[in-house]
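Summary of the model geometry
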2 protein chains.
Amino acid sequence: MEADKGMARVVTEEACRFIVDCLHAAGANQEAAAQQAKLLIEAEKLGHPSHGMNRLEFYINDILSGACDPNSKPTILKETASTAWIDAKNVLGATSSHFAMDTAMTKARQTGVAWVVVKGANHFGIAGYWAQKAADQGLIGMSFSNTSPVCAPTRSKEAALGTNPFSCVAPGSSGESFYLDMATTAVALGKIEMQIRKGEPIPPGWAQGPDGNETRDAQLAFDTRCLYPLGGSELTSGYKGYGLGAMVELFCGILGGSKYGHYIRAWSHESDGTPADLGHCFVAIDPNCFAPGFGDRLTDLVQHWRNLEPMDPNLPVLAPGDKEKLAAAKSDETGTISFVPQQIESCLALAKKLKVKPMECL
Amino acid sequence: MEADKGMARVVTEEACRFIVDCLHAAGANQEAAAQQAKLLIEAEKLGHPSHGMNRLEFYINDILSGACDPNSKPTILKETASTAWIDAKNVLGATSSHFAMDTAMTKARQTGVAWVVVKGANHFGIAGYWAQKAADQGLIGMSFSNTSPVCAPTRSKEAALGTNPFSCVAPGSSGESFYLDMATTAVALGKIEMQIRKGEPIPPGWAQGPDGNETRDAQLAFDTRCLYPLGGSELTSGYKGYGLGAMVELFCGILGGSKYGHYIRAWSHESDGTPADLGHCFVAIDPNCFAPGFGDRLTDLVQHWRNLEPMDPNLPVLAPGDKEKLAAAKSDETGTISFVPQQIESCLALAKKLKVKPMECL
């Protein structure tokens, strides 16, 4: 595992303990801290470190600056049998997202489907976590979030949409599931950072330079923060990715009345105390309301894909979510999470700043 | 307008009359024929001729072979306050889709959202038509369809998913709207046909050759029928488009119990009498159940995008759906539709075969 070279390993419970302690020291109550920690740990386990420990400092800064109010309580502003409009009241993302997805699941069990939209929210980590929460209870789950603008609508020189991720998770039979969690940009900024570290150019279709043209220069792409939507340029149907990101915004900020599109703040390590006021959307669907045999068909489908003849025998065809499941299984087996050295250093600095017991590495 | 060179123009009502006459001559009742004709005409007006008159012969052949039963009636098999599972009973796509979207809209007005899944369906034309139907009544509409397999899951040599299109349309204020109608493949086969006609290679990221590798040869790509999902190869995140197409299948065949994925028949001019048994999904959401001011925010958003500085001053940034709206306005202005000569010839042959008055060109 090339990626593990030079990495520091930490027992999963210890990493979780550290996050809880930090959030608690910053002012969050124990439950809020524990829920947010579990969310970050899950991202690490699934192989998405950009949404794991890496985010902790952002959350801490938002709490310390007053941009986030971790001990408030989300409230339902309006509801029908199958919908709810919720004010997150600026709590941590995990707190409002548990509240919203619980609301959606309860309603979906009664009416078959529920659509819940949240305003006044903070970053909710990996979108898949929330869809998985519904799938764990036999429902199809979906989640959507708007984010700070880093994506250029097709033909535009400037960014005006976020990476606007969404997720859909559904339970199959025999322990199978369908797991999709994707940003609607071609790639996330983290992938460009990795090319910088490797000293390699970025592939075509990832990002624009300051003149709006495609760039292969990783550093320029990172500094410009103008990602292509999924599909790349207009020639390769990037307008579909743009439409997809726009649809996510429709379900989040436009339905929810939070900040949206170009109005969303840039998110950095320095919080100026302005709340994020993000919009989220959560959907739960009860597959029992439709044709019997849902789980078996789903399992048949994902297993068919895995058995397709691959172009390269060393790279088997995967079902959506297989990569994440493999990463999680590996992490569970060792009971540890691996971190890059820079992450360990940040955690040490954070421990010092918050007067918290540092995270112990193996 | 380069595309209009050598095209034949037909008064819109005359084109519609011709479709109705053909479907009626093949055996469809007047209402079914009229609904299907309106659907095809709308595709022509919006600039998507692949889903317009071009499809008529397929529908006719399916009726004549007994694969489609245009005079049957869709029925609700199971329902809750916010969901319905419908058997299309193999009627024409427009008949079952009106029935299903009407069901969704009625339920959404009562509970805020509705999720309706259809099995036993035939091709429903452009997905946007059904989402627009809801948007015309102040709701957010979505529609999804599975299709015959022509798309290779990432890393696979073989196709196993359809172009699996979906649509989302939402009404803004001041006459604006959000209109997204997209296949989840990088491009549709029709775009590859156009490159063949122009004698030009296809761009990277569109399609695979028989060895599974990317091809630039338009004829080879067309014959192989192994399109890349949106995003192209694995390097440019094609697995996201694959996941997206898979999600559409989840909502259609997997929820609905119709044929799905690799089980869906190939669709050609020669129908062997086997019903298509496609799966469709229709969603309606009432924006009034969420934050007030939905329409104004939506309008602000699409207008902001249009005003972004474009890379090329001659190619202004478009909001999703602007291309379709411009095409429809042009068609409405002249009251005509333009067809390529091959299409006119097919219509003549069809008129002869069905003993119907030929379509009159201007």
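Since the model is a prediction, treat every value here as computed from it, not as a measurement.

On to the overall build of chain A, then. In terms of helices and strands, chain A carries eleven helices and eleven strands. Its C-alpha atoms give chain A a radius of gyration of 20 Å, near enough to 21 Å, the size a compact globule of 362 residues would have. Seen through its principal axes, chain A has C-alpha atoms that stretch 55 × 50 × 45 Å. For chain A, the residues scored as buried account for 60% of the 362 residues in total. Across chain A, every contact between residues at least 6 apart in sequence was considered, and the portion connecting residues at least 24 apart equals 66%. Taken as a whole, chain A presents about 13500 Å² of accessible surface, with 53% of it coming from carbon and sulfur. Distance between charge centroids for chain A: 3 Å, based on 32 positive and 40 negative side chains.

It is worth spelling out the sheet that holds strand β5 (residues 140–145) of chain A at this point. Residues and elements named next belong to chain A. Sheet architecture is open: seven strands sit in the order β2-β3-β4-β10-β5-β6-β7, paired in mixed fashion. If you trace the sheet from one side to the other, it starts and ends with β2 (75–79) and β7 (177–182), each paired once. Geometrically, the sheet is characterised by an average inter-axis angle of 15° between neighbouring strands, direction not taken into account. Summarising the sheet, β5 and strand β10 (residues 278–285) pair through six bridges and their orientation is antiparallel.

A word on the packing of helix α1 (residues 12–26) of chain B against helix α11 (residues 341–354) of chain B. All names here are of chain B. Two elements in contact, α1 and α11, have axes separated by 10 Å at closest approach and are oriented at 35°. As α1 packs across α11, the resulting crossing turns out to be left-handed. Contacts between α1 and α11 involve Phe18, Cys22, Ala25 and Ala26 from the former and Cys347, Leu350, Ala351 and Leu354 from the latter. Class assignment for the residues of the contact of α1 with α11 results in eight nonpolar, no polar and no charged.

Residue and element names in this part refer to chain B. With mixed pairing, the seven strands of this open sheet are ordered in space as β2-β3-β4-β10-β5-β6-β7. Looking at which strands have only one partner, the edges of the open sheet turn out to be β2 (75–79) and β7 (177–182). Across the sheet, the mean angle from the axis of one strand to that of its neighbour is 15°, orientation sign disregarded. With seven bridges connecting them, strand β4 (residues 113–121) and strand β10 (residues 278–285) associate as antiparallel partners.

Moving on, we get to the interface of chain A and chain B. Between chain A and chain B, the residue contacts involve 93 residues of the former and 93 residues of the latter. Three residues, Arg155, Phe290 and Met311 of chain A, lead the burial of chain A against chain B; their summed loss comes to 11% of the area buried on that side. Our count for the chain A to chain B interface comes out at four salt bridges. Put simply, Glu234 of chain A and Lys323 of chain B hold a salt bridge, and the shortest N to O gap is 3.8 Å. Linking chain A with chain B are 41 residue pairs in polar contact (both at pLDDT 80 or more). Mapped by element, the contributors of at least two residues to the side of chain A that touches chain B are β3 (83–87), β4 (113–121), β5, β6 (166–171), β7, α8 (238–256), β10 and α9 (294–306) of chain A.

Across chain A, the average pLDDT comes to 95, with 98% of residues at 70 or higher. Reported confidence for the predicted complex is 0.97 by ipTM and 0.97 by pTM.

After a rotation of 180° and a shift along the axis of 0.0 Å, chain A superposes on chain B with an RMSD of 0.0 Å. What we have between these two chains is a two-fold relation. Rotation axis and chain A: the residue whose C-alpha lies nearest the axis is Gly231 of chain A, separated from it by 2.0 Å.

Moving on, we come to the pattern of salt bridges. Here the structure, examined in full by the defined rule, presents 22 salt bridges over all chains. The structure contains a network of salt bridges with shared partners spanning Glu14, Arg17 and Asp21 of chain A.

On to α9 of chain A. In this model α9 of chain A runs 19 Å from its N-terminal to its C-terminal C-alpha over 13 residues, within 8% of the 18 Å that 1.5 Å per residue would give. Among all positions of α9 of chain A, only Phe294, Gly295, Arg297, Leu298, Thr299, Leu301, Val302 and Trp305 of chain A are buried. Where α9 of chain A is buried, its residues touch β5, β6 and β7 of chain A together with α8 (238–256) of chain B.

Residue and element names in this part refer to chain A. Considering the arrangement of structural elements, one finds Cys226 in the loop between α7 (218–224) and α8. Put simply, Cys226 and Pro153 are 73 residues apart on the chain and 9.5 Å apart in space, counted from C-alpha to C-alpha. Contacts of Cys226, omitting those with residues within four sequence positions, involve Val150, Ala152, Lys157, Glu158, Ala159, Ala207, Gln208 and Ala221.

Residues and elements named next belong to chain B. Counted under the stated rule, the structure contains 16 aromatic pairs over all chains. With 6.5 Å between their ring centres and 25° between their planes, Trp115 and Phe144 make a pair best called stacked. Here the residue Trp115 occupies a position in strand β4, and Phe144 occupies one in strand β5 (residues 140–145), the gap between them amounting to 29 residues. No difference in accessibility class separates Trp115 from Phe144, as the two residues are buried. Between the aromatic rings of Phe144 and Phe166, the centroid separation amounts to 5.9 Å while the plane-to-plane angle is 20°, which identifies the pairing as stacked.

All names here are of chain A. By the secondary structure assignment, Ser96 is in helix α4 (residues 93–111). Given a relative accessible area of 1%, Ser96 falls into the buried group. Contacts of Ser96, omitting those with residues within four sequence positions, involve Pro74, Ala88, Val91 and Ala121.

Our focus in this paragraph is the pairing of β5 of chain A. Walk down a regular strand and you will see the side chains alternate between the two sheet faces. Residue and element names in this part refer to chain A. In terms of burial, β5 is a largely internal element, six of the six residues being buried. Both β5 and β6 contribute to a ladder of four bridges, which runs antiparallel. From the neighbouring strand, Ser143 faces β6, where its bridge partner is Ser167.

Along the chain, the position of Ala183 of chain A falls in the loop between β7 and α6 (189–198). Overall, Ala183 of chain A belongs to the buried group, its relative accessible area being 16%. Placed 116 residues apart in sequence, Ala183 of chain A and Ala67 of chain A show a C-alpha to C-alpha distance of 25 Å. In contact with Ala183 of chain A, not counting residues within four places along its chain, are Thr163 and Pro165 of chain A together with Lys240 of chain B.

A word on the side chain of Ser145 of chain A. Residues and elements named next belong to chain A. Secondary-structure assignment places Ser145 in strand β5. A polar side-chain atom of Ser145 sits 3.3 Å from a polar atom in the side chain of His280. Setting aside residues no more than four positions away along its own chain, Ser145 makes contact with Phe124, Asn164, Pro165, Val248, Cys252, Gly279 and His280.

Residues and elements named next belong to chain A. Structurally, Ala159 can be placed in the loop between β5 and β6. Residue classification places Ala159 among the partly exposed positions, given a relative accessible area of 25%. C-alpha separation for the pair Ala159 and Tyr228, spaced 69 residues apart in sequence, amounts to 9.2 Å. Those residues within four positions of Ala159 in sequence are excluded, and the remaining contacts are Pro149, Val150, Cys151, Ala152, Arg225 and Cys226.

This brings us to the state of the cysteines. Taken as a whole, this structure holds zero disulfides over all chains when the rule is applied. Free of any disulfide, Cys281 of chain B has its nearest cysteine sulfur in Cys252 of chain B, 5.8 Å distant. Cysteine Cys289 of chain B remains unbridged, with the sulfur of Cys281 of chain A as its closest cysteine sulfur at 13 Å.

Reading the values: the criteria
- Residues numbered from 1 in each chain as written.
- Chains lettered and ligands numbered in written order.
- Predicted model: local features only at pLDDT ≥ 70, side-chain atom pairs only at ≥ 80, totals over all residues.
- Heavy atoms only, no water.
- Helix = DSSP H or I, 4+ residues; strand = E, 2+ residues; numbered from the N terminus.
- Rg over C-alpha atoms; globule rule 2.2 N^0.38 Å.
- Buried < 20%, exposed > 50% of the residue type's maximum accessible area, 1.4 Å probe, protein only.
- Contact = heavy atoms within 4.5 Å.
- Areas by Shrake-Rupley, 256 points an atom, 1.4 Å probe, with all protein chains shown as cover.
- Lys, Arg positive; Asp, Glu negative; His and termini not counted.
- Charge placed at Lys NZ, Arg CZ, Asp CG, Glu CD.
- Pairing = 2+ DSSP bridges.
- Axes fitted to C-alpha atoms, helices over the stretch in contact; angles between N-to-C directions.
- Left-handed = near helix turned anticlockwise from the far one by under 90°.
- Nonpolar A, V, L, I, M, F, W, Y, C, P; charged D, E, K, R; others polar.
- Buried area = accessible area lost by both parts, 1.4 Å probe.
- Salt bridge = Lys/Arg side-chain N within 4 Å of Asp/Glu carboxyl O.
- Polar contact = N/O pair within 3.5 Å; in protein donor to acceptor, adjacent residues only side chain to side chain.
- pLDDT = per-residue confidence, 0-100.
- Least-squares fit on C-alpha atoms with pLDDT ≥ 70 in both.
- Expected span 1.5 Å × (residues − 1).
- Phe/Tyr/Trp six-rings, centres within 6.5 Å; stacked < 30°, edge-to-face > 60°.
- Disulfide = S-S within 2.5 Å.

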